[in-house]
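# Remarks on the overall topology
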Amino acid sequence: MGDLTVYYYGNYNPIGDILAAATCIVFFVLMHNSYIVRTDTYSLFRRIIFTIFLASAFSLVFHLTLKHVDQVPHIIVYVSLIIYHVCLYAALILYILYGRLQLRLGRDTGKRVVILAMVVFGLAVLYECLAPFFGWGLRIGEKNLISYGFNIFPVVYTFLCLTIIYILVVYRKRIYHQIVYGILFCSLVSFGVLYAQTRTDESSFTVFSFIFPAFAILYMIHSNPYDLEIGAVDTFAFEKLIEFVHKRDKEYLLMELYLPELDVEGAVYPEQVKEAVRRFSGEYLKGGTLFQIGGGTLLLSADIARNGNYEQVVNRMLNHFEEEYPKYNLDYKILISKTMKRLETDKDYINLFTYAKSKMEVNTVHFIDDKDVDEYHKHRYILNELTDICKKKNLNDPRVEVFCQPVLNIETKKYDTAEALVRINLQETGRVFPDTFIPMAEQHGLIHQLSLIILHKTCEQIRSMTEEGYHIQRISVNISALELREEGFCKDVSEVIRQSGIPFGKVAIELTESQSESDFMIMKQKIEELKENGIKFYLDDFGTGYSNFERIMELPFDIIKFDRSMVIASSTDEKSEQMVAHLAKMFSDMNYSVLYEGVETPADEENCVRMNAKYLQGYKYSRPIPMERLTDYFEKEVS
């Protein structure tokens, strides 16, 4: 039978192909039972493994039928040989296409090389299919004698392998060099195995040699190992899952567990929590994958198509969770949602859940619905507008509006001060009130630039009204305590007032008391620095929550603003009124002016006047109005 018989049959042991097929099965089992990001390159990789599996199967069929050629129809030998070789060619072509995608080769980059490889592949397949009819390759003659012609396989194999090496070497800088070296090394091992076969007249491990680069690809590119203790994968995997869901138009269930006490740096999940997470993530939902989104946040996903009764499953999980919750003594928030076309990226889901969590009570469960998504989109739009406002740093930005609430001076019975209140007016939402956007601005570091815009517009209004002859003692502007941490806070505030050309004493800053020792020291320093320029300071919201008299006495405030809760409390009984009145008198005796806010009725007014009020503010006198309308309340100077 000559050399060809040796190549095809001599020294062949089926153990090589059995090992190759078993390895492919192991690949599929590992890929099924581990989380691998679903991408186009991963789909190609699966096809490579499947093609190698087919090649090993048909290699077994070919070699076994060739061995017993006198007992089987010859067509089986020819067909199995054709499929065997075509599968090997296809595996190499898939490796080339995989490399093209992974190296991000565009339409022009490497195009000729890939096209040439495809042409060679097509010609090789055509040759293999025609060979039995024209006697070009393996031939089974009379009396089952085997002869051979030209064997094209080594030529095509060598060309396609050189193409793979060419692509890896020429475009190696497009990916991390260690990955390139790993794949190249495994490819060289494959070539070494085949070369050793030719030197020893072996043919058992041809298919198996194709698997070595696959080991490198799976380990170095597609592996996304689980956290060994809780079985979670990372946020990158969640990003790719959402891309996969939207690309394939699938619907997934998402369940998030948030443990606030573990959302701190260095926090470690207790052992019993780890055990519970492992059990819950693997016991109920088919094909469920757990993601660790951040500190204290775990997210479980599952394909709804594989869990037809998922609603019942979710209810069983929640019931079981409630039964076990007393063991852990940890607060929680649980959110449940399905993937939606309205949410396009993983960040949209994470931000939606974060937004929804901010409105939840601890130890509650919330099912995300369209209303939540509407509110989130509105939230995101407002945040984007705030970001744009602060990025542009236009102190006259028309989206920022300043309203004012006039303040009555008890001694003069006139309005000569006011509080500036901010609104933002946006195209899609209309006017937005502070309780909606101020927390956003504080959370995302946008509050300082917003305050500078308000301060600038307030100063311009003071300047305009002063030039028209109106008497303005001062207008106060609210400043977040977070802004005081800004290194250039005092400089920024002073510069805005200075550029307006008004006296510094025409402006007051309202601050709420800080509970933090470090923030208290910063506040004291900044107040003292700005007071040197003549700026007045109000202590806002006195009487709500925490109040430390020792610290208040250390801070050089000018006016103490009693919150409306103090006004309400003073009207409930004589004891409460005496307490509030004594507090107000104590401040007055120490040269602080007392301002009561939230005065709504004549009874409120009479009560506050009895309780040492210097200023009164509230709906009884005016609701917040556009600052241009302050002229309706303020009076002009007497000439």
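Predicted model, so just to flag it, every value in this text is computed and none were measured. Within every chain, residues take consecutive numbers counted from 1 along the sequence as written. Two thresholds apply to this predicted model, a pLDDT of at least 70 for residue-level local features and 80 or more for giving and counting side-chain atom pairs, whereas whole-chain, interface and lining totals are computed over all residues. Hydrogens are left out, water is left out, and the side-chain values use all remaining heavy atoms of the structure.

## Quick word on the overall build of the chain
The condition that has to hold: Numbering of helices and strands runs from the N terminus, with a helix taken as a DSSP run of H or I at least four residues long and a strand as a DSSP run of E at least two residues long. Within these notes, the globule rule equals 2.2 Å times the number of residues to the 0.38 power, and the radius of gyration is based on C-alpha atoms. Three labels apply to residues, based on accessible area from a 1.4 Å probe with only protein chains included: buried if under 20% of the type maximum, exposed if over 50%, partly exposed otherwise in between. Throughout, a residue-residue contact means that at least one pair of heavy atoms, one from each residue, lies within 4.5 Å. In this description, accessible areas are obtained by the Shrake-Rupley approach with a 1.4 Å probe, and a residue is regarded as covered only by the protein chains that are shown.
On a plain count of helices and strands, the chain comes out with 22 helices and 18 strands. At 38 Å, the chain has a C-alpha radius of gyration far larger than the 26 Å of a compact globule built from 639 residues. For the C-alpha atoms alone, the extent of the chain along its principal axes is close to 130 × 55 × 40 Å. Burial statistics for the chain: of 639 residues in total, 49% are counted as buried. Pairs at least 24 apart in sequence give 71% of the contacts found in the chain among residues at least 6 apart. When the accessible surface of the chain is summed, it comes to about 31700 Å², and 55% of that surface belongs to carbon and sulfur atoms.

## Focus on the sheet that holds strand β6 (residues 297-303)
To summarise the sheet geometry, strands pair through backbone hydrogen bonds and adopt either a parallel or an antiparallel arrangement. Quick note on the threshold: Pairing between strands requires that DSSP locate at least two bridges from one strand to the other.
Judged by pairing direction, the sheet is mixed, and its 6 strands sit side by side in the order β3-β5-β6-β4-β7-β8 without closing on themselves. A strand with exactly one partner marks an edge of an open sheet, and here the two such strands are β3 (232-233) and β8 (364-367). Judged from the 2 bridges that link them, β3 and strand β5 (residues 289-294) form a sheet pairing that is parallel. Across the sheet, Val233 pairs through a bridge with Phe291, a residue of β5.

## Comments concerning the environment of His32
Along the chain, His32 falls in helix α2 (residues 15-33). Expressed as a C-alpha distance, the spacing of His32 and Gly287, which sit 255 residues apart in the sequence, is 9.1 Å.

## A word on the pairing of strand β12 (residues 474-478)
Test applied: With strands facing away from the observer, any crossover in which the path from the first strand over the helix to the second runs clockwise is taken as right-handed.
Counting buried positions along β12 gives 4 out of 5 residues, so the element sits mostly inside the fold. As paired strands, β12 and strand β13 (residues 507-512) are joined by 4 bridges and run parallel to one another. Counted as the bridge partner of Val477 is Ile509 from β13. Handedness of the crossover joining β12 and β13 through helix α17 (residues 489-500) is recorded here as right-handed.

## Examining the packing of aromatic side chains
As a reminder, the rule being used: Aromatic contacts are taken between Phe, Tyr and Trp rings whose centres are within 6.5 Å, Trp giving its six-membered ring; a plane angle under 30 degrees counts as stacked, one over 60 as edge-to-face, and the others as tilted. In our convention, an over-ring charge means Lys NZ or Arg CZ found within 6 Å of a ring centre and within 35 degrees of that ring's normal.
A full pass over the atoms with the stated rule returns 23 aromatic pairs. Considering the side-chain rings of Phe208 and Phe212, the 5.4 Å spacing of their centres and the 85° angle between planes classify their relative orientation as edge-to-face. Through a chain of ring-to-ring contacts, the aromatic side chains of Tyr89, Phe153, Tyr157, Phe191 and Phe210 assemble into a single cluster. In this arrangement the basic side chain of Lys357 is found over the ring face of Tyr258, its NZ or CZ atom lying 4.2 Å from the centre. The ring of Phe403 carries the charged tip of Arg423 above its face, separated from the ring centre by 5.3 Å.

## Details of the nonpolar core
The criterion, for reference: Residues enter a nonpolar core if they are buried and are Ala, Val, Leu, Ile, Met, Phe, Trp, Tyr or Cys, with the set joined through side-chain atoms within 4.5 Å.
The biggest cluster of nonpolar side chains holds 80 residues, and the ones touching the most others in it are Phe557, Phe562 and Tyr596. A per-element tally of this core places helix α16 (residues 447-467) first, with 9 residues. Leaving out residues up to four positions away in the same chain, Phe557 has contacts with Leu511, Met523, Ile527, Phe537, Tyr538, Leu539 and Tyr592. Counting 69 residues, the second largest nonpolar core, distinct from the first, contains Ala91, Phe153, Ile167 and Phe210.

## Section: the environment of Glu239
Here Glu239 lies in helix α10 (residues 235-247). Look at Glu239 and you get partly exposed, because its relative accessible area is 25%. Glu239 sits 106 residues away from Thr345 along the chain, and the two C-alpha atoms are 7.0 Å apart.

## Digging into a nonpolar patch on the surface
Selection criterion: Candidate patch residues must exceed 30% relative accessible area and have no salt bridge, after which like charges are joined if within 9 Å and Val, Leu, Ile, Met, Phe, Trp or Tyr side chains if within 5 Å. The salt bridge criterion pairs a side-chain nitrogen of Lys or Arg with a carboxyl oxygen of Asp or Glu, the two atoms within 4 Å.
The grouping of Ile15, Ile18, Leu19 and Phe205 at the surface amounts to a nonpolar patch, some 330 Å² of accessible area in total. Here Ile15 shows up in helix α2.

## Regarding unusual backbone geometry
Backbone geometry places Asn363, a non-glycine residue, at a positive phi of 65°. As for its position among the elements, Asn363 is in the loop between α13 (346-358) and β8. Among the residues examined, Asn363 registers a relative accessible area of 29% and is labelled partly exposed. The phi dihedral of Asn612 falls on the positive side, at around 65°, and the residue is not glycine. Within the secondary structure, Asn612 sits in the loop between α22 (602-610) and β17 (615-617). For Asn612, a relative accessible area of 30% puts it in the partly exposed group.

## A few points about α13
Stated precisely, the cut-off is as follows: Take the residue count of a helix, subtract one, and multiply by 1.5 Å to get its expected span.
The terminal C-alpha atoms of α13 lie 19 Å apart, and with 13 residues this matches the ideal 18 Å at 1.5 Å per residue to within 8%. If you check which residues of α13 are buried, you get Asp346, Asp348, Tyr349, Leu352, Phe353, Tyr355, Ala356 and Lys357. Along its buried surface, α13 packs onto α10, β4 (252-258), β6, β7 (333-338), β8 and α14 (370-392).

## Here's the deal with the pattern of salt bridges
The full count for this structure, using the stated rule, is 34 salt bridges. One continuous salt-bridge network, built from bridges that share partners, spans Glu385, Asp388, Lys392, Asp397 and Arg399.

The analysis is restricted to geometry; functional conclusions fall outside its scope.
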